[in-house]
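Summary of structural features
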Amino acid sequence: MDSSQISDILWDYVFVGSGLSASVVSHRLYEHDPNLKILIVEVGPNVSDRADIVWPNSTNLIGGEFDWKYDTTSQANLNGRSISLPCGKALGGGTTINANGWVRGDEFDFDLWGSKVNDRRWTYEDLQFMRKSEHFWSDSINKMQHGHNGPALIQSVTSTDRRFPLRDYALQAWSEVGIDTLPHLDGNAGNPLGVGELQENKMSGRREIASSIYSLDCITVLNETLVGKLLIEETAPGHLVTVGIKLQNGTEIRGRETILSAGAIRSPQLPMLSGIGPAEELANFNIPVLLDQPYKVKDPAAGWELGSPNSLFRKPQYGWGIPSDFVVSSDVSKDGLIAAIAEGEGVTPDPTHPLLSKRTFAEHVFMYAGAPDGSLVTLAAIIMLPISHGAIKLMSANPSDPPLIDPNYLSTAVDRYVLREAVKLQIRYTGSKETVIGREILDGEAGVPGFDEQFSIHSTDEYIDARFRAGIGSSYHPMGSVAMGTVLDTNLRVKGVSNLRVVDASVFPVPITGHL
Ligand SMILES: Cc1cc2nc3c(=O)[nH]c(=O)nc-3n(C[C@H](O)[C@H](O)[C@H](O)COP(=O)(O)OP(=O)(O)OC[C@H]3O[C@@H](n4cnc5c(N)ncnc54)[C@H](O)[C@@H]3O)c2cc1C
């Protein structure tokens with residue numbers, strides 16, 4: 001069907017974007033009622049037959065053909081640097097270029113989400129949809145937490161028989177710095193705090209694209225077509241109704257309900273181009289304001305590297321996933337956290353402050369990679385609960401232009417404290433005599449250009465902060481730009497406009513400490 005035939009039909013649901021969330025939701029709608037007329041419009045191509053995106057070492061991923069290749073605005077707390085932010089641009093969205101890590105997040109965060117929006121359906125209590133998505137690799141580990149008939153195949157380091165040579169050392173070293181091993185090494189059972197084994201959504205190493213495992217065969221998909229605008233009518237004073245979409249080529253398509261699934265960067269852009277967004281922002285581009293609404297964005301930040309000689313793994317299965325045994329999550333010391341919260345909020349926090357509970361603040365991934373000759377390992381630190389808020393703004397009134405993306409990285413004392421604490425833990429792990437890794441395996445940090453000093457247990461806060469400002473980047477999980485509670489109700493409907501929902505990573509009202 002071409003766009004002119006498509007415009008003759010009144011669709012029940014029109015999806016904008018066909019990434020991870022659209023694949024799941026449209027597939028489930030079809031399962032619910034095969035008679036529904038469902039249309040998906042995606043600007044990227046169908047890449048399900050592309051061999052060059054399948055494997056972890058494929059070369060057409062970040063920076064490749066199916067990456068939007070966004071850059072953030074200049075970041076005030078990162079020496080004015082602009083940070084690159086890859087996002088998938090194809091049927092399947094982010095799942096065509098992402099790393100397939102399967103990290104569900106902390107029960108606490110979902111419960112906070114549920115209580116924030118006062119709706120139990122968004123708490124962790126009801127696990128049915130998490131279970132429904134999974135085909136977990138083991139049917140004996142944490143049985144009640146996992147699904148075994150879902151479309152997403154979950155592999156682990158153990159299930160793919162690729163325990164790495166440093167595995168026992170890595171585990172011992174985490175214990176030496178006080179990080180416990182999780183029961184069954186399973187970080188996807190509600191409590192990720194500790195050492196869990198790396199789990200990935202792959203089939204024996206092969207990428208599983210969301211639009212393939214949640215089949216869209218019975219759904220009408222219009223590929224390589226940019227949606228330029230929402231069609232919104234004011235049927236009575238103050239009563240706004242979404243009646244469909246307008247493609248960039250001018251074709252109008254009508255639907256009973258329009259569902260934004262364009263991802264956390266583009267889902268706020270389209271309403272703004274259509275007159276729904278911060279009034280001040282719309283005025284800059286002479287867009288008539290239908291509804292004045294705020295948007296924000298959060299994006300965890302990551303990473304640094306350490307040096308070591310090692311020669312590893314020749315068997316093919318070692319190429320089936322990220323070269324790492326474990327995903328490790330840690331809390332932070334509350335004394336420093338109280339001071340950081342007080343610095344940001346201007347008052348000493350009450351003991352009931354949500355950040356003062358046991359929380360999953362940081363993630364550590366010790367990877368046997370860094371140099372082709374195996375002489376380096378990499379230890380990534382990821383802030384999982386960013387407190388800094390950014391914003392998505394318009395660059396122009398042209399839908400072909402990307403929006404301005406300002407994550408406002410490290411703009412809070414809490415985020416700076418958490419990243420510093422995470423790296424100090426990593427320095428103890430890799431570069432101190434406390435652990436077997438520091439004593440027997442690693443020579444020291446490889447260092448980074450522009451800094452003569454290497455990270456060590458003697459590194460000062462000032463030096464650590466300077467390295468962050470000069471070096472950190474994104475870990476590619478923008479979220480919360482059209483948040484539930486402020487912009488959406490708990491049925492994912494945009495408040496103040498009928499027949500318009502958002503279903504993607506934009507909707508999170510609080511950071512979820514998973515990779516979502
Ligand atoms: C490099 C990278 C690595 C990652 N690693 C992991 C990981 O290991 N584990 C994990 O869980 N997550 C990971 N993620 C994040 C994960 O892929 C995203 O969180 C997820 O894809 C978000 O789903 P979504 O449905 O919100 O949006 P997306 O999957 O981004 O889908 C949005 C879709 O909308 C389309 N679109 C946008 N605007 C328009 C428009 N105007 N008209 C038509 N179509 C439009 C886009 O082209 C895209 O296909 C990673 C992401 C990246 C980029």
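The present account deals with the structure reproduced in this document.

Calculation notes
Residues numbered from 1 in each chain as written. Predicted model: local features only at pLDDT ≥ 70, side-chain atom pairs only at ≥ 80, totals over all residues. Heavy atoms only, no water. Helix = DSSP H or I, 4+ residues; strand = E, 2+ residues; numbered from the N terminus. Rg over C-alpha atoms; globule rule 2.2 N^0.38 Å. Buried < 20%, exposed > 50% of the residue type's maximum accessible area, 1.4 Å probe, protein only. Contact = heavy atoms within 4.5 Å. Lys, Arg positive; Asp, Glu negative; His and termini not counted. Charge placed at Lys NZ, Arg CZ, Asp CG, Glu CD. Near = heavy atom within 4 Å. Polar contact = N/O pair within 3.5 Å; in protein donor to acceptor, adjacent residues only side chain to side chain. Areas by Shrake-Rupley, 256 points an atom, 1.4 Å probe, with all protein chains shown as cover. Phe/Tyr/Trp six-rings, centres within 6.5 Å; stacked < 30°, edge-to-face > 60°. Lys NZ or Arg CZ within 6 Å of the ring centre and 35° of its normal. Pairing = 2+ DSSP bridges. Core = buried A, V, L, I, M, F, W, Y, C linked by side-chain atoms within 4.5 Å. Axes fitted to C-alpha atoms, helices over the stretch in contact; angles between N-to-C directions. Parallel < 35°, antiparallel > 145°, perpendicular 65-115°, else oblique. Nonpolar A, V, L, I, M, F, W, Y, C, P; charged D, E, K, R; others polar. Expected span 1.5 Å × (residues − 1).

Some remarks on the overall build of the protein
Of the regular secondary structure elements, the protein holds 13 helices and 24 strands. For the protein, whose C-alpha radius of gyration is 23 Å, the value lies close to the compact-globule estimate of 24 Å for 516 residues. Taking the principal axes of its C-alpha atoms as reference, the protein extends roughly 70 × 50 × 40 Å. A total of 516 residues make up the protein; the buried ones form 55% of that total. Nonlocal contacts in the protein, meaning residues at least 24 apart in sequence, comprise 69% of its contacts between residues at least 6 apart. Averaged over its 43 positive side-chain charges, the protein has a centre that lies 2 Å from the centre of its 62 negative ones.

Thoughts on the site of the ligand
The local shell around the ligand holds 36 residues, among which Ser-21, Glu-42, Gly-101, His-515 and Leu-516 are the closest. Note that an oxygen atom of the ligand is positioned 3.2 Å from one of the backbone N or O atoms of Leu-20. At 3.3 Å, a side-chain N or O of Trp-68 approaches an oxygen atom of the ligand. Relative to its unbound accessible surface of 1,000 Å², the ligand loses 93% to contact with the protein. For the shell around the ligand, the secondary structure elements donating two or more residues are α2 (20-32) and α7 (263-266).

Section: the packing of aromatic side chains
Tallied over the full model, the rule gives 13 aromatic pairs. Ring centres of Trp-68 and Tyr-70 lie 5.6 Å apart, and the angle between their planes is 10 degrees; on these two criteria the pair is classed as stacked. Among the aromatic residues, those joined into a ring-pair cluster are Phe-164, Trp-174, Tyr-318, Phe-366, Tyr-368 and Tyr-429. Positioned above the aromatic ring of Trp-68, the side-chain terminus of Lys-89 is 4.4 Å from the ring centre. Taking the ring centre of Phe-455 as reference, the NZ or CZ of Arg-467 above it sits at 3.9 Å.

Side note on unusual backbone geometry
The phi torsion at Asn-100 lies on the positive side, around 65 degrees, for a residue other than glycine. Inspection of the secondary structure puts Asn-100 in the loop between β4 (84-85) and α3 (107-116). Although it is not a glycine, Ser-204 sits at a positive phi angle of roughly 45 degrees. Tracing the sequence through the fold places Ser-204 in the loop between β8 (199-203) and β9 (206-207).

Here's the deal with the environment of Thr-360
Here Thr-360 is to be found in the loop between α10 (334-345) and β18 (362-367). Sequence-wise, Thr-360 and Asp-106 are 254 residues apart; in three dimensions their C-alpha atoms are separated by 6.9 Å. With near-sequence residues (within four places) excluded, Thr-360 lies in contact with Asp-106, Pro-192, Leu-193, Ser-329, Ser-330, Met-384, Leu-385 and Thr-513. Side-chain polar atoms of Thr-360 contact the side chain of Asp-106, separated by 2.6 Å.

What to know about the sheet that holds β8
With mixed pairing, 4 strands are arranged side by side in an open sheet as β5-β6-β8-β9. Each end of this open sheet is capped by a strand with a single partner; those strands are β5 (134-135) and β9. Where strand β6 (residues 152-156) and β8 come together, 3 bridges link them in antiparallel fashion. Each bridged residue has a counterpart across the sheet, and for Ser-156 the counterpart in β8 is Gln-199.

Quick word on the nonpolar core
Residues Phe-15, Leu-39, Trp-113, Ile-245, Ile-253 and Leu-488 are the most contacted members of the largest nonpolar core, which totals 60 residues. A per-element tally of this core places strand β1 (residues 10-16) first, with 5 residues. Non-local contacts of Phe-15, meaning those with residues more than four positions away in its chain, are made with Ala-22, Val-25, Ser-26, Leu-29, Ile-38, Leu-39, Ile-40, Val-41, Ile-259 and Ser-261.

Observations regarding the packing of α10 against helix α11 (residues 413-431)
It is at 8 Å that the axes of α10 and α11 come closest, and there the two elements cross at 155 degrees. As judged from the angle between their axes, α10 and α11 are roughly antiparallel. Mapping the contact onto sequence places Gly-336, Leu-337, Ala-340, Ile-341 and Glu-343 in α10 and Ala-413, Val-414, Arg-416 and Tyr-417 in α11. Residue classes in the contact of α10 with α11 are distributed as 6 nonpolar, 1 polar and 2 charged.

Describing the packing of α11 against helix α13 (residues 461-471)
The contact between α11 and α13 brings their axes to 10 Å, and the two run at 105 degrees. With respect to α13, the element α11 is oriented roughly perpendicular. Side by side, α11 and α13 meet where Leu-419, Arg-420, Val-423, Lys-424 and Ile-427 of the first sit next to Asp-461, Ile-464, Asp-465 and Phe-468 of the second. A breakdown of the residues in the contact of α11 with α13 according to their chemical character gives 5 nonpolar, no polar and 4 charged.

Focus: α11
Under the 1.5 Å per step criterion, the end-to-end length of α11 is 26 Å for 19 residues, consistent within 8% with the ideal 27 Å. Counted residue by residue, α11 has 14 buried out of 19 residues, so it is predominantly covered.

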